[in-house]
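# Architecture and fold: a report
If you want the building blocks of each chain, they are given just below.
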Amino acid sequence: MELYEAIEKRHSVRSFKPDELSREVLERLVRAASLAPSAMNEQPWHFYVTTGETRAQVGEVMSQTTTHLEEYVDLIGPERHAEAVRWYSELGNAPVVIVCAMPKADDPFGRLNKQLSVGTAIQNLLLAATAEGLGACSITFAFWVRDEMAGLLGIPDDDEIVTIIALGYPGDEAPAAPPHKADVATFLD
Ligand SMILES: Cc1cc2nc3c(=O)[nH]c(=O)nc-3n(C[C@H](O)[C@H](O)[C@H](O)COP(=O)(O)O)c2cc1C
């Protein structure tokens, strides 16, 4: 798939087929992520690719985030509360969840550089997933259970979880595909 086509096609997918992904596909996605630029070439990312029993355990931890949804009712709207509970409890039955971590940083500049770098790697992964015919959704809502999830996966104390990515072949439910603003640049001569 041509790059611009993948960029146009990519949308957050929140419903997945149960089909497993091959190890080769998963390794291609991680490779794409690892080729991203990073501040001072620090490459501050680590990807915990969970499938099978570990994926199920990640789901159990993630479902605890639903206790925090009340804080977001104003943002998501009360009518979407039940849908959000289902989404965070099931993650669309994604067969794979990738947990993205980076080294902790006390200084704001170091933290900014790390977070941006991990963000670029994630976008590489999301675009590669699109090119593979896969669907994905990056979910920072895992923030609320980051310590429990880090404990489950044995993530070192010096590292922190940035986001998790639900991944799989898209289900029949079409992605929400919200519109993206066009007026986002100021061109200055
Ligand atoms: C940094 C970041 C955090 C996000 N966190 C969540 C999340 O916690 N839950 C969720 O359902 N989607 C999450 N998303 C997906 C966004 O909701 C989605 O990208 C946005 O609505 C635009 O839709 P699109 O990806 O289909 O273009 C996140 C995306 C980004 C880039």
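Here goes a summary of the coordinates provided. What you see is a predicted model, and the numbers here were worked out from it, not measured in a lab. (Residues numbered from 1 in each chain as written. Predicted model: local features only at pLDDT ≥ 70, side-chain atom pairs only at ≥ 80, totals over all residues. Heavy atoms only, no water.)

The subject of this paragraph is the packing of aromatic side chains. Scanning the entire structure with this criterion turns up six aromatic pairs. Between Tyr88 and Phe141, the ring centres sit 4.6 Å apart and the planes meet at 25°, which makes this aromatic pair stacked. Separated by 53 residues along the polypeptide, Tyr88 in helix α5 (residues 81–90) and Phe141 in the loop between β3 (135–139) and α7 (146–153) bring together distant segments of the chain. Like Phe141, Tyr88 is buried. For Arg146, the ring lying beneath its charged end belongs to Phe143, and the centroid distance is 4.0 Å. (Phe/Tyr/Trp six-rings, centres within 6.5 Å; stacked < 30°, edge-to-face > 60°. Helix = DSSP H or I, 4+ residues; strand = E, 2+ residues; numbered from the N terminus. Buried < 20%, exposed > 50% of the residue type's maximum accessible area, 1.4 Å probe, protein only. Lys NZ or Arg CZ within 6 Å of the ring centre and 35° of its normal.)

A word on the site of the ligand. Arg10, His11, Ser12, Tyr88 and His180 are the nearest of the 13 residues found near the ligand. Contacts to the ligand include Ser12, whose side-chain N or O atom sits 2.6 Å from an oxygen atom. Separating an oxygen atom of the ligand from a side-chain N or O atom of His180 is a distance of 2.6 Å. Starting from 620 Å² of accessible surface for the ligand in isolation, the protein chains cover 63%. When contributions to the shell around the ligand are tallied by element, the ones reaching two or more residues are α5 and β3. Its residues assigned to classes, the shell around the ligand shows six nonpolar, five polar and two charged. (Near = heavy atom within 4 Å. Polar contact = N/O pair within 3.5 Å; in protein donor to acceptor, adjacent residues only side chain to side chain. Areas by Shrake-Rupley, 256 points an atom, 1.4 Å probe, with all protein chains shown as cover. Nonpolar A, V, L, I, M, F, W, Y, C, P; charged D, E, K, R; others polar.)

Burial analysis of strand β4 (residues 159–168) places eight of its ten residues in the buried class, the great majority of the element. Here eight bridges tie strand β2 (residues 96–103) to β4, and the two strands are oriented antiparallel to one another. Paired with Val99 across the bridge in β4 is Ile164. In this sheet, β4 lies alongside β3 in antiparallel orientation, the contact comprising five bridges. Directly across from Cys137, in β4, lies its bridge partner Ala166. (Pairing = 2+ DSSP bridges.)

Turning next to the environment of Leu91. One can find Leu91 in the loop between α5 and β2. The exposure class of Leu91 is buried, given its relative accessible area of 1%. Each C-alpha atom, one on Leu91 and one on Leu167, is 9.2 Å from the other, the two residues being 76 residues apart in sequence. What Leu91 contacts, discounting residues up to four positions off in sequence, is Phe16, Arg55, Met62, Arg86, Val97, Ile139, Ile164 and Ala166. (Contact = heavy atoms within 4.5 Å.)

Under the defined criterion, the tally for this structure stands at zero disulfides. Between Cys100, a cysteine without a disulfide, and Cys137, which holds the nearest cysteine sulfur, the sulfur-to-sulfur distance is 12 Å. On the basis of relative accessible area, Cys100 is assigned to the buried category, the value being 0%. Under the relative-accessibility criterion, Cys137 is labelled buried at 4%. (Disulfide = S-S within 2.5 Å.)

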